[in-house]
Amino acid sequence: MSPEALSCPLSLRLGVSLIYRSWLQLFWVLLVGISSVSEAQQGVQPQSIKIEGDITLGGLFPVHSRGPAGVPCGEIKREKGIHRLEAMLYALDQINSDPDLLPNITLGARILDTCSRDTYALEQSLTFVQALIQKDNSDVRCSNGEPPIIPKPERVVGVIGASGSSVSIMVANVLRLFAIPQISYASTAPELSDNSRYEFFSRVVPPDSYQAQAMVDIVKAMGWNYVSTLASEGNYGESGVDAFLQISREAGGLCIAQSIRIPREPRPGEFEKVIKRLMETSNARGVIIFANEDDIKRVLQAAKKANLTGHFLFVGSDSWGAKSSPIENQEEVAEGAVTILPKRASIDGFDQYFTSRSLENNRRNIWFAEFWEDDFKCKLTRPGIKYDPGRRKCTGEERISRDSQYEQEGKVQFVIDAVYAMAHALHNMHLDLCPSSTGVCEKMDPVEGRMLLHYIHSVNFNGSAGTGVMFNENGDAPGRYDIFQYQMSNISNPGYKVIGQWTNHLRLNVEEMQWSGGERKIPESVCSFPCEPGERKKMVKGVPCCWHCELCDGYQYQLDEFTCDMCPFDMRPLKNRTGCRPTPIIKLEWSSPWAIIPVFLAILGIFATTGVIGTFIRFNDTPIVRASGRELSYVLLTGIFLIYLITFLMIAEPSVAVCAFRRLLLGLGMCISYSAMLTKTNRIYRIFEQGKKSVTPPKFISPTSQLIITFILISVQVLGVFVWFGVVPPHTNIDYEELKPPNPEFARGILKCDMSDLSLIYCLSYSILLMVTCTVYAIKSRGVPETFNEAKPIGFTMYTTCIIWLAFVPIFFGTSQSTEKMFIQTTTLTVSMSLSATVSLGMLYIPKVYVIIFHPEQNVQKRKRSFKAVVTAATVSTRLSQKSNDKQNGESKMEPDSLGAEEKFCSPA
């Protein structure tokens with residue numbers, strides 16, 4: 001029972017049940033009345049095969065053909081009747097002897113003869129529903145007044161059959177009312193796929209609609225999109241083409257150039273007109289043909305007559321199949337024709353079973369004696385049957401296949417599969433409902449039909465021929481077809497060759513296909529040729545299978561056959577533009593020429609700076625070192641060292657740590673250098689300005705004061721960087737826009753730190769401010785005599801540094817549109833910083849190191865002078881230098897007197 005039924009109120013379910021039961025009883029009375037009258041008129045009593053079992057299956061087989069008027073049954077049907085019936089008996093024997101399938105449960109059967117007539121089959125099938133009708137016997141009494149004992153008829157849980165679609169339709173309408181599942185082994189009408197009308201009907205054979213689907217798949221597999229159809233007038237041809245047209249419309253990508261119908265009674269010249277119409281759309285070389293054998297033959301004759309051998313490429317239905325009669329004497333025109341035929345297999349086990357049947361061991365089949373007489377053309381002596389002296393008497397020693405022709409009927413496989421499908425469904429149902437029971441438990445007594453239907457639709461097993469047995473939501477089995485091609489060249493025996501199969505999907509061996517003249521390449525049947533990869537179709541208005549091709553350009557890729565779309569920002573199109581691929585990510589490599597020069601300069605600068613620092617440390621107490629202001633010199637040299645060091649951070653692969661150090665050190669090195677130089681120049685300026693007014697030394701000129709001032713200036717930069725860290729934590733990003741030229745093959749993503757050009761300027765702006773201020777003080781101190789301190793070298797240093805950075809700005813920002821922007825800007829920045837550091841190092845410290853190492857005799861202390869004497873000497877020297885033009889911007893000489901003065905004011909006594 002369904003969950004919906006279980007959830008209904010009990011009173012409502014009882015009411016519905018009573019109404020339904022009353023209606024079924026009325027239906028039973030009407031049908032039984034009709035059946036009884038019919039049988040009384042015809043003098044025929046229903047005959048059936050009864051096999052006892054724990055669970056009973058029904059069976060419907062056309063044991064006899066349709067009888068003449070007034071007679072329901074005609075002659076016995078040996079293959080379609082007896083073979084199929086015996087296939088069910090054979091399957092029951094196999095199942096009942098299988099310890100793994102329905103163990104401890106025996107399947108029984110009630111098998112009826114439909115006589116190939118739908119109305120007679122309906123009457124017979126009433127036997128299956130007797131157990132479901134509750135008859136009112138309250139007014140029936142025996143002669144002694146006791147109520148009669150009426151045996152309860154067996155309950156049929158499912159029906160195997162019927163054969164003809166019309167019979168199955170009639171029976172399915174009745175079985176549906178009583179929720180009895182039905183599995184057919186031969187009915188193929190598409191109508192039976194309607195689940196809303198035949199929900200309890202299933203079948204192990206494919207419906208005819210699958211044939212059209214198979215042909216659509218074949219056409220599409222060969223790359224055709226423009227074909228014509230040809231059909232014989234009548235149900236077969238027209239319904240076949242209609243199904244083909246419907247499926248092709250649903251599938252898309254397939255257009256019909258011509259749809260031609262061949263009349264039932266074609267006039268003379270009709271087939272020549274057909275060929276002429278087909279040639280009106282000559283690009284549509286593929287012709288889908290649903291026609292009878294005679295029409296197929298005459299179409300081939302007309303094509304040959306029109307000298308079009310090899311032009312048309314036929315795809316034929318099962319009416320063509322693998323038959324030789326339609327192509328007789330027309331082999332050249334038919335060469336390459338692809339045809340289909342339902343897949344069948346012969347069951348060896350059944351052959352052994354059936355050929356061993358005899359009158360003695362097959363008494364359960366009540367129609368077997370009649371079959372025996374018909375098969376061996378003899379006569380048995382049976383009660384009530386008049387002996388025919390014209391026929392020989394059967395001996396009973398005859399043997400099937402030995403004394404008569406025998407070939408297994410084509411649907412035997414499907415009968416066996418139908419019985420096994422029912423058995424597997426019952427087996428799975430038993431496992432779920434009776435897990436601990438060895439037989440039929442209460443939950444399966446009786447078997448609920450709708451639940452059994454669910455299990456039937458869920459089965460999936462290998463059938464008698466080794467192929468899978470399963471059902472879709474409509475109860476249809478997978479379509480299984482063999483695909484043939486008529487070939488003539490390069491094979492010893494021209495004829496049909498199996499080139500593939502269709503089982504719900506196509507398996508086509510294209511490499512085994514062969515066309516007119518032995519050609520292996522599949523001919524084309526298209527209106528427009530397929531677009532190249534990366535091209536979209538621009539459809540021609542009104543002609544859905546004709547188009548122009550347009551290339552997806554720029555950073556577009558082919559989204560589908562009609563659309564180009566932009567690749568995501570971090571991707572670029574494949575070379576064939578059928579998709580997108582990740583854009584390569586680059587960074588400045590150490591081996592790049594853009595990195596080698598800055599690194600070389602930085603290494604030289606680091607060695608030189610390290611040498612100067614080492615020299616100053618070695619000669620820390622000498623006059624020159626002391627006179628240069630040791631404390632600020634070490635600070636300045638540290639800044640120069642960091643400036644060189646930043647080159648390696650700018651070239652290193654970006655990471656969070658690298659980006660953090662870049663932010664910190666990029667401006668810090670310059671800030672330290674220019675803070676120290678600014679403090680020095682400011683000190684010199686204040687000393688000599690104070691000396692002009694008073695003999696009292698200015699404030700804050702001691703080394704300690706100078707260091708405090710320097711570190712205060714440096715702390716502004718450090719504080720700014722740490723605020724930046726807090727607001728925007730350092731991270732890396734990949735810039736895909738910087739290197740995105742028109743040609744996507746050259747597109748690159750650049751791995752970089754989160755420092756834009758603007759943020760870089762902000763980072764350096766404070767250092768630039770210090771540099772400009774220092775330059776201003778250097779200009780103001782230009783009048784200081786060259787024999788005093790480092791004013792002149794600092795001035796030259798700042799002038800040169802300003803020139804370097806003025807050159808840096810246009811180079812850095814002028815290359816913003818270059819494809820190598822990152823490389824140029826990084827190199828420009830690092831080289832500019834290294835050059836500015838080199839200028840500071842060369843102007844301020846190389847001369848001192850030169851004197852310390854190569855002229856140690858000059859590195860001696862002379863007498864000290866008072867502040868007043870120094871200022872007086874400086875004033876006189878300034879006046880003299882203004883009058884003299886001999887030395888403009890002359891060299892700085894480290895005189896002992898000046899050294900003494902510097903020592904006095906720059907270092908403790």
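All chains use their own residue numbering, which begins from 1 and follows the written sequence. For this predicted model, a pLDDT threshold of at least 70 governs which residues receive local features, and a threshold of 80 or more governs which side-chain atom pairs are given and counted, while totals over whole chains, interfaces and linings are taken from all residues. As a rule here, side-chain values come from all non-hydrogen atoms in the structure, and water together with hydrogens is ignored.

Caption draft 1: The arrangement of the overall build of the protein chain in detail. Each helix is a run of DSSP H or I of at least 4 residues and each strand a run of E of at least 2, with the numbering of both proceeding from the N terminus. Of regular secondary structure, the protein chain possesses 25 helices and 27 strands. For the protein chain, the proportion of its 909 residues judged to be buried stands at 50%. Every accessible area reported is derived by Shrake-Rupley at a probe size of 1.4 Å, with residue values counting cover from the shown protein chains alone. Of the roughly 43400 Å² of accessible surface on the protein chain, a fraction of 56% belongs to carbon and sulfur atoms. Relative accessible area decides the class of each residue, using a 1.4 Å probe on protein chains only: under 20% of the type maximum gives buried, over 50% gives exposed, and in between gives partly exposed.

Caption draft 2: Spatial organisation of the packing of aromatic side chains. The pairing test for Phe, Tyr and Trp rings, Trp by its six-membered ring, is centres within 6.5 Å, and the orientation test on the planes gives stacked under 30 degrees, edge-to-face over 60, and tilted for anything in between. Per the stated rule, a full pass over the model turns up 22 aromatic pairs. Taking 5.9 Å as the distance between ring centres and 80° as the angle between the ring planes, the aromatic pair formed by Tyr90 and Phe350 counts as edge-to-face. Here Phe350 lies in helix α11 (residues 348-355) and Tyr90 lies in helix α3 (residues 78-96), a separation of 260 residues in the sequence. We note that Tyr90, like Phe350, is buried. Taken together through their ring pairs, the aromatic side chains of Tyr90, Phe350, Tyr353, Phe354, Phe368, Phe371, Trp372, Phe376 and Tyr406 make up a single cluster. Whether a charge lies above a ring is judged from NZ of Lys or CZ of Arg, which has to be within 6 Å of the ring centre and within 35 degrees of the ring normal. Between the NZ or CZ atom of Lys740 and the centre of the ring of Tyr555, over which it lies, the distance is 4.9 Å. Positioned above the aromatic ring of Tyr845 is the side chain of Lys848, whose terminal nitrogen or guanidinium carbon lies 5.8 Å from the ring centre.

Caption draft 3: Representation of the pattern of salt bridges in the model. Think of a salt bridge as a Lys or Arg side-chain nitrogen and an Asp or Glu carboxyl oxygen that are within 4 Å of each other. Evaluation of the coordinates by the stated rule reveals 23 salt bridges. A salt bridge links Asp374 to Arg78, with the shortest nitrogen-to-oxygen separation between them at 3.2 Å. Of this pair, Asp374 sits in helix α12 (residues 368-376) while Arg78 is found in helix α3, placing the two residues 296 residues apart along the sequence. One network of salt bridges, in which partners are shared, links Arg78, Asp374 and Asp375.

Caption draft 4: Local environment of the environment of Glu407. By secondary structure assignment, the location of Glu407 is in the loop between α12 and α13 (412-433). Taking the C-alpha atoms as reference points, Glu407 and His83, 324 residues apart in sequence, are found 9.7 Å from one another.

Caption draft 5: Quick look at the environment of Leu508. Residue placement: Leu508 occurs in strand β18 (residues 506-508). Overall, the relative accessible area of 17% leaves Leu508 in the buried class. Along the sequence, Leu508 and Met222 sit 286 residues apart, while their C-alpha atoms lie 9.3 Å from each other. In what follows, a contact means two residues having at least one pair of non-hydrogen atoms within 4.5 Å. Those residues within four positions of Leu508 in sequence are excluded, and the remaining contacts are Ala221, Met222, Ile483, Ile499, Gly500 and Met513.

Caption draft 6: Structural context of the state of the cysteines. Two cysteine sulfur atoms make up a disulfide if the distance between them is within 2.5 Å. Evaluation of the coordinates by the stated rule reveals seven disulfides. Paired through a disulfide, Cys552 and Cys564 show a sulfur-sulfur distance of 1.8 Å. Residues Cys552 and Cys564 are joined by a disulfide whose S-S torsion is about -70°; by sign, that bridge is left-handed. In this pair, Cys552 sits in the loop between β20 (543-551) and β21 (556-560) while Cys564 sits in strand β22 (residues 563-566), placing the two residues 12 residues apart along the sequence.

Caption draft 7: Inspection of the UniProt feature "transmembrane region" (unreviewed entry) in the protein chain at higher detail. With numbering matched to this structure, UniProt assigns "transmembrane region" (unreviewed entry) to residues 594-620, 632-652, 664-685, 706-727, 759-779, 791-813 and 833-855. Strand forms 0% of residues 594-620 and helix 93%; the C-alpha atoms that close the span are 39 Å apart. End C-alpha to end C-alpha, residues 833-855 measures 31 Å, and it is 91% helix and 0% strand. UniProt positions are given in the numbering used here, feature names are shortened, and annotations may be inferred rather than shown by experiment.

Caption draft 8: Main features of the confidence of the model for the protein chain. Of all residues in the protein chain, 84% have pLDDT values of 70 or greater, and the mean over the chain is 81. pLDDT expresses how confident the predictor is about each individual residue, on a scale running from 0 to 100. Within the protein chain, strand β7 (residues 182-184) carries the highest mean pLDDT (96), whereas helix α1 (residues 3-7) carries the lowest (34). Of the regions scoring below 50 in pLDDT, residues 1-46 engages in 36 contacts with residues more than four places distant in sequence or in other chains. In the predicted structure, residues 880-909 sits below a pLDDT of 50 and forms 50 contacts with residues beyond four places in sequence or in another chain.

Caption draft 9: Main features of the sheet that holds β7. DSSP bridges decide pairing: two strands pair if at least two such bridges lie between them. Pairing within the open sheet is mixed, and its six strands lie in the order β1-β5-β2-β6-β7-β8. With partners counted over all chains shown, the strands left at the sheet margins are β1 (48-51) and β8 (201-203), one partner each. Here the average twist between neighbouring strands, direction ignored, is 20°. Examined bridge by bridge, β7 and β8 share three bridges and lie parallel to one another. The residue of β8 that forms the bridge with Ser184 is Arg203. In the packing of helix α4 (residues 118-129) onto the sheet, the strands contacted are β2 (55-61), β5 (107-113) and β6 (156-160), and the crossing angle to β5 comes to about 155°. Axes here mean lines fitted to C-alpha atoms, for a helix over just the part in contact, with angles spanning 0 to 180 degrees between N-to-C directions.

Caption draft 10: Broad picture of the sheet that holds strand β26 (residues 732-739). Spatially, three strands are ordered β25-β27-β26 in an open sheet, and the strand pairing comes out mixed. Looking at strand neighbours, the two that pair on one side only are β25 (585-586) and β26, the edges of this open sheet. As paired elements, β26 and strand β27 (residues 748-753) share five bridges and run antiparallel to each other. The residue of β27 that forms the bridge with Asp735 is Ile750.

Caption draft 11: Expanded view of unusual backbone geometry. Here the amide bond leading from Gly161 into Ala162 is cis, since omega sits at 0°, within 30 degrees of zero. Each neighbour pair has its own omega, and for Asp445 with Pro446 the value is 5°, a cis peptide bond. With respect to the helices and strands, Pro446 occurs in the loop between α13 and α14 (449-458). Positioned with a positive phi, Asn104 is a non-glycine residue whose angle comes to about 65°. Topologically, Asn104 is positioned in the loop between α3 and β5. Unusually for a residue other than glycine, Asn329 sits at a positive phi of about 65°. Residue placement: Asn329 occurs in the loop between β12 (313-316) and α10 (331-334). Classification of Asn329 by relative accessible area gives exposed; the value is 52%.

Caption draft 12: Geometry of the pairing of strand β4 (residues 73-76). Relative to β4, strand β3 (residues 64-66) is paired through two bridges, and the arrangement is antiparallel. The residue bridging Arg66 from the neighbouring strand is Cys73, located in β4. Between β3 and β4, which follow one another and run antiparallel, lie six residues, and Gly70 among them has a positive phi close to 85°.

Caption draft 13: The arrangement of α12 in detail. The element α12 is extensively covered by neighbouring structure, given that seven of its nine residues are classed as buried. Among the residues of α12, Phe368, Ala369, Phe371, Trp372, Glu373, Asp375 and Phe376 are the ones counted as buried. A positive phi of about 55° marks Lys377, the residue just after α12.

Caption draft 14: Expanded view of the side chain of Lys752. You can see Lys752 is positioned in strand β27. There is a polar contact of 3.5 Å between the side chain of Lys752 and the side chain of Asp735. Here a polar contact means two N or O atoms within 3.5 Å. Within protein one must be a hydrogen donor candidate and the other an acceptor candidate, and residues neighboring in sequence count only if both atoms are side-chain atoms.

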